[in-house]
Amino acid sequence: MSFWHFLQTNWPELLLLVRQHVVLVFVAILIAVLIGVPAGILLTRYRRLRGPVLGIANVMQTIPSLALFGFLIPLPFIGGIGTGTALVALVVYSLLPIIRNTVTGILNVDPNVREAAVAMGMTGSQVLRQVELPLAMGVIVTGIRVATVIAVGVTTIAAAVGAGGLGVYIFRGLRQYDNNLLLAGAVSWALLALAADGLLGLVERQFSVDAKHSASASFVHKLAVAAAVILVIGGSVMWLGRSQPASTNRVAIGSKDFTESALLAEIAAQMLEARGVSVERRFELGGNLPHEALVAGTLDLYPEYTGTSFTAILHHAPVTDPRAVYAEVKQEYAEKFKVEVSQPLGFENTFAILVRGDDARRRNLKTISDAAPHTSQWRAGFGQDFMSRADGYPGFSKAYGLKFAEVREMDLSLTYIALSSRQVDLIAGNSTEGRIATLDLFQLADDRHYFPPYEAVYLVREDSLTRVPGLQEVLAKLANAISTDEMRRLNYEIDGKKRDPKEVVREWLKGKGF
Amino acid sequence: MGHNEAQEALVQFHNVTFSLPSATIISDLNLTVERGETLVLLGESGCGKTTTLKLVNRLLTPTSGEVVVEGKATTVWDPIELRRRIGYVIQEGGLFPHFTIARNVALVPALSGWDDARTRERVREMLNLVGLDPNRFAERYPRELSGGQRQRVGVARALAADPPLLLLDEPFGALDPLTRASLQREFADLAARLGKTAILVTHDVREALILARRIGLMHKGQLLLLETPERFRASDHPQARAYLETLNVNGDAA
């Protein structure tokens with residue numbers, strides 16, 4: 001599909017994402033200005049507070065954004081998933097440049113001018129409003145401009161907590177290796193950043209004392225014009241982006257940030273919608289966010305794998321018996337989280353140790369043990385998830401006694417391409433990945449039965465099961481309904497053929513007679 | 001010169017000491033400024049002359065002793081009211097760069113709530129008084145003016161609300177010698193014509209001799225000498241002689 005064609009068919013969604021992005025940035029900057037400018041003014045009055053407050057703002061800005069979202073999820077009121085959390089994080093990131101520039105701007109006012117103002121008999125607030133703020137305004141607007149451009153960037157990450165925005169396209173594009181999605185997301189993002197920068201640059205020039213005053217509008221006049229422009233833009237964007245009224249018969253479905261998880265979530269979503277339930281889709285959440293959100297009650301259900309729950313959430317050492325793992329997870333989730341584990345869906349998505357098909361044939365490799373003698377000359381590429389978890393790289397390499405020439409940590413979805421284009425020689429992919437067949441990759445058998453079972457299930461809050469009509473019925477129908485081959489094919493429809501997941505799911509449900 | 005203090009003294013320093021934690025800037029200063037006179041405080045950098053000035057309009061308050069302005073101690077005055085009755089001129093004028101010349105001059109009238117027509121008229125009058133054509137300069141910004149022009153605007157701003165007292169801190173220090181000389185002459189005329197009381201701080205003995213009715217020589221926070229220019233020239237105080245000798249070095253016959 002050409003990029004142009006992609007834009008023609010997807011522009012309504014793209015516009016929606018742009019709108020979400022702009023609203024997030026606008027509201028966050030508005031809040032950050034309302035907090036940051038008064039805070040900055042205060043810091044110029046109380047010198048002793050300056051170091052600590054700027055220090056804290058500085059540290060907050062160095063927290064990686066994904067980590068910050070992670071901290072925020074479990075918090076009451078400001079946490080959870082969605083727009084609220086994203087706003088809190090964006091405000092945190094925007095504060096530093098705004099506070100710092102307010103302080104700098106005011107302190108940089110010529111001391112002679114300030115002294116003259118006081119000596120002429122201006123009161124403290126007159127000095128602030130008529131002298132310090134107008135003279136500092138150029139620097140303050142520069143701070144707001146920097147904060148805005150940063151916020152436009154950080155908002156991209158907000159997609160990971162389900163707040164929408166252009167990050168949705170960028171994450172999805174990376175995952176599906178879809179250049180159209182990436183391009184649409186990144187280009188719109190860049191245009192947005194440039195537009196914000198340019199617009200605020202104009203405002204900044206308005207306030208600069210050194211600018212030519214051809215039409216010498218008063219400070220208040222300029223402020224009013226700037227505020228009006230910002231309010232009109234922001235207001236119209238927000239009016240356009242106003243949300244639909246909440247339905248009483250509503251369910252929030254989450255998914256992790258990869259195609260299969262989103263697909264399984266979409267299946268449940270469409271089946272529930274067919275039964276008259278209104279579904280809120282909170283797909284493509286990063287890391288442990290879906291789990292945190294489920295426990296916190298912002299999600300009703302999301303698809304998970306038993307092995308992940310067993311090791312990553314419950315922190316057990318890997319076990320190889322699928323029945324034992326399933327039984328243990330079901331019992332502990334009920335006790336600890338009041339969460340029900342559905343019947344297995346019928347397939348496993350375990351780690352698949354993959355090499356290139358031609359390598360496997362040439363060296364006659366069938367199992368991981370066959371490959372062990374060669375790995376000292378190989379480069380390996382692993383996703384962040386595999387690198388960090390107990391049953392991932394550390395245990396795996398030990399179990400088989402593997403030593404690699406080089407181990408690269410990269411985005412999981414990029415490893416397949418990296419392998420087929422000979423950037424790396426061995427990767428740990430997903431067994432249901434559609435591209436295994438299309439890129440001619442070969443899955444080495446886990447002959448020492450190292451990897452624990454990863455049966456796909458839905459995790460559902462117990463209270464949701466009683467609250468949402470038809471939910472029990474849907475879960476019963478999906479028990480053992482999807483085979484590994486079927487899952488690979490569905491994944492390939494989306495990742496390989498770049499088809500719309502909703503359409504793929506609709507088709508599959510029809511074929512199944514659900 | 002005999003004087004009736006209640007009638008004639010506009011500013012009085014009574015045993016004023018001003019200290020910072022690290023040093024004493026002014027020690028036990030006694031000084032009376034009479035209505036209508038121009039008193040010049042002469043001294044080198046750090047002698048406490050600028051501090052003395054700031055004690056008058058309560059930018060600073062004495063550590064001990066009191067400064068009395070128009071019969072009332074500065075600590076008793078409402079500082080805002082006090083400062084609006086005192087014109088203040090500093091080096092480079094201290095003009096607001098984001099205000100037009102007209103708005104700069106109109107500052108104290110505007111703060112005091114004068115109506116627009118009266119303020120506009122006053123601005124024109126003041127600009128004319130300091131030799132700037134209102135039609136040419138009113139709507140310009142300070143950076144579009146030369147140093148001398150800015151200094152004139154500074155004087156106009158200080159005079160705008162017709163304060164009884166002017167404080168001038170090295171007002172002509174940053175100007176080239178020719179501009180300085182002509183501004184000094186004009187200021188002397190102006191002060192005499194308007195009958196203003198002025199306290200002017202400088203390190204330039206020539207300026208002191210031109211402008212002062214009395215010269216106060218300051219050194220290390222103390223007032224060494226308070227004399228008319230004639231008696232200052234004749235003084236045999238070593239500090240005064242040192243200043244006067246700089247005139248001779250410059251080839252000035254004094």
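Let me begin by describing the structure that accompanies this report.

**Some thoughts on the overall build of chain A**
Turning to step 1, where the next piece is worked out: Secondary structure assignment for chain A yields 23 helices and 10 strands.
Turning to step 2, where the next piece is worked out: For chain A, with 514 residues in total, the buried portion stands at 46%.
Turning to step 3, where the next piece is worked out: For chain A, the proportion of contacts with a sequence separation of at least 24, taken over those separated by at least 6, is 78%.

**Digging into the sheet that holds strand S8 (residues 197–202) of chain B**
Strand pairing in a sheet is mediated by backbone hydrogen bonds. Such pairs are either parallel or antiparallel.
All names here are of chain B.
Turning to step 1, where the next piece is worked out: Across the sheet, 6 strands lie side by side as S6-S7-S8-S3-S9-S10; this open sheet has mixed pairing. Among the strands making up the open sheet, the edge pair consists of strand S6 (86–90) and strand S10 (222–227). Sheet twist, expressed as the average angle between the axes of neighbouring strands with direction ignored, equals 15°.
Turning to step 2, where the next piece is worked out: Helix-sheet contacts for helix H8 (residues 147–159) involve S6 and strand S7 (165–169), and the interaxial angle to S6 is about 165°.

**Let's talk about unusual backbone geometry**
Excluding glycine, residues mostly have negative phi values, and the peptide bonds linking residues are mostly trans.
Turning to step 1, where the next piece is worked out: Residue B:Asn15 is not a glycine yet carries a positive backbone phi of 45°.
Turning to step 2, where the next piece is worked out: Of note, B:Asn15 is situated in strand S1 (residues 9–19).

**Points about the sheet that holds strand S8 (residues 426–430) of chain A**
All names here are of chain A.
Turning to step 1, where the next piece is worked out: A sheet is described by the order of its strands in space; here 5 strands give the open sequence S7-S6-S8-S5-S9, paired in mixed fashion. This sheet does not close on itself; its edge strands, each paired only once, are strand S7 (406–409) and strand S9 (441–444). Each strand of the sheet is rotated relative to its neighbour by a mean of 35°, with strand direction disregarded.
Turning to step 2, where the next piece is worked out: Packed onto the sheet, helix H18 (residues 412–420) meets strand S5 (351–356), strand S6 (379–382), S8 and S9 and runs at close to 140° relative to S8.

**Some details on helix H5 (residues 111–119) of chain A**
Turning to step 1, where the next piece is worked out: Every buried residue of H5(A) is listed here: A:Val113, A:Ala116, A:Ala117, A:Val118 and A:Ala119.
Turning to step 2, where the next piece is worked out: If you follow the buried residues of H5(A), they end up packed against helix H6 (124–154) of chain A together with helix H3 (79–84) and S6 of chain B.
Turning to step 3, where the next piece is worked out: In the segment just after H5(A), A:Gly121 is the residue with positive phi, at about 95°.

**Details of the interface of chain B and chain A**
Turning to step 1, where the next piece is worked out: Listed per partner, the contact involves 17 residues of chain B and 17 residues of chain A.
Turning to step 2, where the next piece is worked out: For the side of chain B that touches chain A, the secondary-structure elements that each account for two or more residues are H3, S6 and helix H5 (107–111) of chain B.
Turning to step 3, where the next piece is worked out: Its residues assigned to classes, the side of chain B that touches chain A comprises 10 nonpolar, 4 polar and 3 charged.

**Re the pairing of strand S2 (residues 278–285) of chain A**
All names here are of chain A.
Turning to step 1, where the next piece is worked out: Where strand S1 (residues 250–256) meets S2, 6 bridges bridge the pair, whose relative direction is parallel. Counted as the bridge partner of Val251 is Val279 from S2.
Turning to step 2, where the next piece is worked out: Handedness of the crossover joining S1 and S2 through helix H10 (residues 259–274): right-handed.

**What to know about the nonpolar core**
Residues and elements named next belong to chain A.
Turning to step 1, where the next piece is worked out: Counting residues in each nonpolar core, the largest one holds 191 residues, and the members touching the most others are Leu90, Ala268 and Leu459.
Turning to step 2, where the next piece is worked out: When residues of this core are sorted by domain, at least three fall in each of domain 1 (3–240) and domain 2 (250–348 + 454–512).
Turning to step 3, where the next piece is worked out: Within the second largest apolar cluster, 22 residues are counted, among which are Ile353, Ala380, Phe396 and Leu426.

**Regarding the packing of helix H1 (residues 3–45) of chain A against helix H8 (residues 179–207) of chain A**
Residue and element names in this part refer to chain A.
Turning to step 1, where the next piece is worked out: Axis separation between H1 and H8 bottoms out at 10 Å; the angle between their running directions is 45°. Our classification of the angle between H1 and H8 gives oblique. As for the relative orientation of H1 and H8, their crossing is right-handed in sense. Listed contacts from H8 to Phe3, Phe6, Leu7, Asn10, Leu14, Val18, His21 and Val22 of H1 are Asn180, Leu183, Ala184, Ser188 and Leu192.
Turning to step 2, where the next piece is worked out: Considering only residue class, the contact of H1 with H8 consists of 9 nonpolar, 4 polar and no charged.

**Here's the deal with the environment of A:Arg19**
Turning to step 1, where the next piece is worked out: Note that A:Arg19 resides in helix H1.
Turning to step 2, where the next piece is worked out: Remark: the alpha-carbon pair of A:Arg19 and A:Leu166, spanning 147 residues in sequence, is separated by 9.0 Å.

**Concerning the packing of helix H22 (residues 484–495) of chain A against helix H23 (residues 501–512) of chain A**
All names here are of chain A.
Turning to step 1, where the next piece is worked out: Where H22 meets H23, the closest approach of the two axes is 9 Å, and the angle between their N-to-C directions is 145°. Along this stretch, H22 crosses H23, giving a crossing that reads as right-handed. From H22, Leu490, Glu493 and Ile494 reach across to H23, where they touch Pro501, Val504 and Trp508.

**Thoughts on the environment of A:Lys512**
Turning to step 1, where the next piece is worked out: Tracing the chain through its elements places A:Lys512 in helix H23.
Turning to step 2, where the next piece is worked out: Measuring from C-alpha to C-alpha, the distance between A:Lys512 and A:Ala481 comes to 8.7 Å, with 31 residues separating the pair along the chain.

**What about the environment of B:Tyr141?**
All names here are of chain B.
Turning to step 1, where the next piece is worked out: Tracing the backbone through its elements, the reader meets Tyr141 in the loop between helix H7 (134–137) and H8.
Turning to step 2, where the next piece is worked out: The buried category is assigned to Tyr141, around which 20 C-beta atoms lie within 10 Å.
Turning to step 3, where the next piece is worked out: On a C-alpha basis, the gap between Tyr141 and Asn104 in space is 9.2 Å, while along the polypeptide they are 37 residues apart.

What counts as what
Residues numbered from 1 in each chain as written. Chains lettered and ligands numbered in written order. Predicted model: local features only at pLDDT ≥ 70, side-chain atom pairs only at ≥ 80, totals over all residues. Helix = DSSP H or I, 4+ residues; strand = E, 2+ residues; numbered from the N terminus. Buried ≥ 20, exposed ≤ 12 C-beta atoms within 10 Å, placed from the backbone. Contact = placed C-beta atoms within 7 Å. Pairing = 2+ DSSP bridges. Axes fitted to C-alpha atoms, helices over the stretch in contact; angles between N-to-C directions. Nonpolar A, V, L, I, M, F, W, Y, C, P; charged D, E, K, R; others polar. Right-handed = clockwise from strand over helix to strand, strands pointing away. Core = buried A, V, L, I, M, F, W, Y, C linked by C-beta atoms within 7 Å. Domains from an automatic or database assignment. Parallel < 35°, antiparallel > 145°, perpendicular 65-115°, else oblique. Left-handed = near helix turned anticlockwise from the far one by under 90°.

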